[in-house]
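Each chain, letter by letter, is given below.
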Amino acid sequence: QQPVQSPQAVILREGEDAVINCSSSKALYSVHWYRQKHGEAPVFLMILLKGGEQKGHEKISASFNEKKQQSSLYLTASQLSYSGTYFCGTEIVVQGAQKLVFGQGTRLTINP
Amino acid sequence: GAVVSQHPSRVICKSGTSVKIECRSLDFQATTMFWYRQFPKQSLMLMATSNEGSKATYEQGVEKDKFLINHASLTLSTLTVTSAHPEDSSFYICSAPFSGTGFNQPQHFGDGTRLSIL
């Protein structure tokens, strides 16, 4: 049920690009993306609901493939403030209970 | 400003103590809240779904009698770690859907509670 993220960690220089992937063996209702800085709460970035959807802006954007089994988060011309751990999450319903479950996270380090 | 308030932010206590963590939605009502536990450098692991007016739904492996959840009102959910032991030390975070309920809603997260059991 838990989505799988890759890579586990990325180290970049400021200005470089990064792609973080999130995949599932089954079609997802939705994909959430969050960023968490050390010792802080996760912060919502965006949510994708439809197959083929792309969302975001020039610097941070995401896509959701047609089969709704994979999503990618794109970080363009990274800034120091982009450092943190990125989580994708998806909502599932099990025996009538609504749940939001997360991938294992991708730790992004941006160096000057 | 924060739309989900979590309190306390840090607790240090002796083994055997029970600890209550509060999660409040500010300026909106939340019929559903989620409780997560996060160990260092690991993911957010869902513990339970808190439902206003009904029993919480616990994840497999989470002891209901140890982690008591009470969703007493539309703006407050509490998690009580009963008779806490060192292995319960972790970062506990709550979240509520932006709309307060419903599927496919972004989540507001509380600032988390760092629990340390000596």
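This text follows the structure it describes.
Residues numbered from 1 in each chain as written. Chains lettered and ligands numbered in written order. Predicted model: local features only at pLDDT ≥ 70, side-chain atom pairs only at ≥ 80, totals over all residues. Heavy atoms only, no water.

**Q** Break down the interface of chain B and chain A for me, citing the residues and quoting the values.
**A** Listed by partner, the interface residues are 26 residues for chain B and 26 residues for chain A. Both faces considered, chain B and chain A share a buried interface measuring about 1,900 Å² in area, 61% of it formed by carbon and sulfur atoms. At the surface where chain B touches chain A, the tally comes to one salt bridge. Glu59 of chain B is the partner of Lys99 of chain A in a salt bridge, and the nearest nitrogen-oxygen pair spans 3.0 Å. Of all the elements in the fold, those that place two or more residues in the side of chain B that touches chain A are strand S4 (32-38), strand S5 (45-51), strand S9 (90-97) and strand S10 (107-109) of chain B. The leading source of residues in the side of chain B that touches chain A is S4 of chain B, at four residues. (Contact = heavy atoms within 4.5 Å. Buried area = accessible area lost by both parts, 1.4 Å probe. Salt bridge = Lys/Arg side-chain N within 4 Å of Asp/Glu carboxyl O. Helix = DSSP H or I, 4+ residues; strand = E, 2+ residues; numbered from the N terminus.)

**Q** I'd like a rundown of the sheet that holds strand S8 (residues 70-75) of chain A, residues and numbers included.
**A** All names here are of chain A. Sheet architecture is open: five strands sit in the order S1-S3-S8-S7-S6, paired in antiparallel fashion. Two strands close off the open sheet at either side, each with one partner strand: strand S1 (4-6) and strand S6 (54-56). Mean inter-strand twist for the sheet, computed between neighbouring axes without regard to direction, equals 15°. Where S6 and strand S7 (residues 60-64) come together, three bridges link them in antiparallel fashion. Bridged to Lys55 within S7 is Ala62. (Pairing = 2+ DSSP bridges. Axes fitted to C-alpha atoms, helices over the stretch in contact; angles between N-to-C directions.)

**Q** An account of the pattern of salt bridges is requested, with residue identities and associated values reported.
**A** All names here are of chain B. The full count for this structure, using the stated rule, is four salt bridges over all chains. Ionic pairing is found between Asp88 and Lys66, a salt bridge with its closest N-O pair at 2.9 Å. Here Asp88 is found in the loop between strand S8 (76-81) and S9, whereas its partner Lys66 is found in the loop between strand S6 (57-58) and strand S7 (67-73), with 22 residues between them in sequence. The class for Asp88 is buried, based on a relative accessible area of 5%. Judged by relative accessible area, which is 12%, Lys66 ranks as buried. (Buried < 20%, exposed > 50% of the residue type's maximum accessible area, 1.4 Å probe, protein only.)

**Q** Mind laying out the pairing of strand S4 (residues 31-36) of chain A, listing which residues take part and the relevant values?
**A** Residues and elements named next belong to chain A. Of all the six residues making up S4, six are buried; the element is thus mostly covered by neighbouring parts of the structure. Neither face of S4 is open: one carries Val31, Trp33 and Arg35, the other His32, Tyr34 and Gln36, and all of them are buried. Bridge analysis of S4 against strand S5 (residues 43-48) gives five bridges, and the strand direction is antiparallel. Considered in S5, the bridge of Trp33 is made with Met46. Relative to strand S9 (residues 84-94), S4 is paired through five bridges, and the arrangement is antiparallel. Each bridged residue has a counterpart across the sheet, and for Arg35 the counterpart in S9 is Tyr86.

**Q** So, the nonpolar core: which residues are in play, and what are the values?
**A** If you look at the biggest cluster of nonpolar residues, it comprises 25 residues, and the most contacted ones within it are Trp35, Tyr58, Phe67, Ile69, Leu79, Tyr92 and Leu115 of chain B. Elements supplying a minimum of two residues to this core: strand S2 (10-13), strand S3 (19-25), S4, S5, S7, S8, S9 and strand S11 (113-117) of chain B. Ignoring anything within four residues of it in the chain, the contact list for Tyr58 of chain B reads Met47, Ala48, Glu63, Lys64, Phe67, Leu68 and Ile69 of chain B. If you look at the next biggest cluster of nonpolar residues, it comprises 20 residues, including Cys22, Met46, Phe64 and Cys88 of chain A. (Core = buried A, V, L, I, M, F, W, Y, C linked by side-chain atoms within 4.5 Å.)

**Q** Describe in detail the sheet that holds S8 of chain B, supporting the description with residues and values.
**A** Residues and elements named next belong to chain B. With respect to topology, four strands assemble into an open sheet ordered S1-S3-S8-S7, the strand pairing being antiparallel. Bordering the open sheet on either side are strand S1 (4-7) and S7, each of which pairs with just one other strand. Taken over all neighbouring pairs, the strand axes of this sheet differ in orientation by 15° on average, direction set aside. The sheet contact formed by S7 and S8 spans five bridges and is antiparallel. By the bridge assignment for S8, Ser73 is matched with Leu76.

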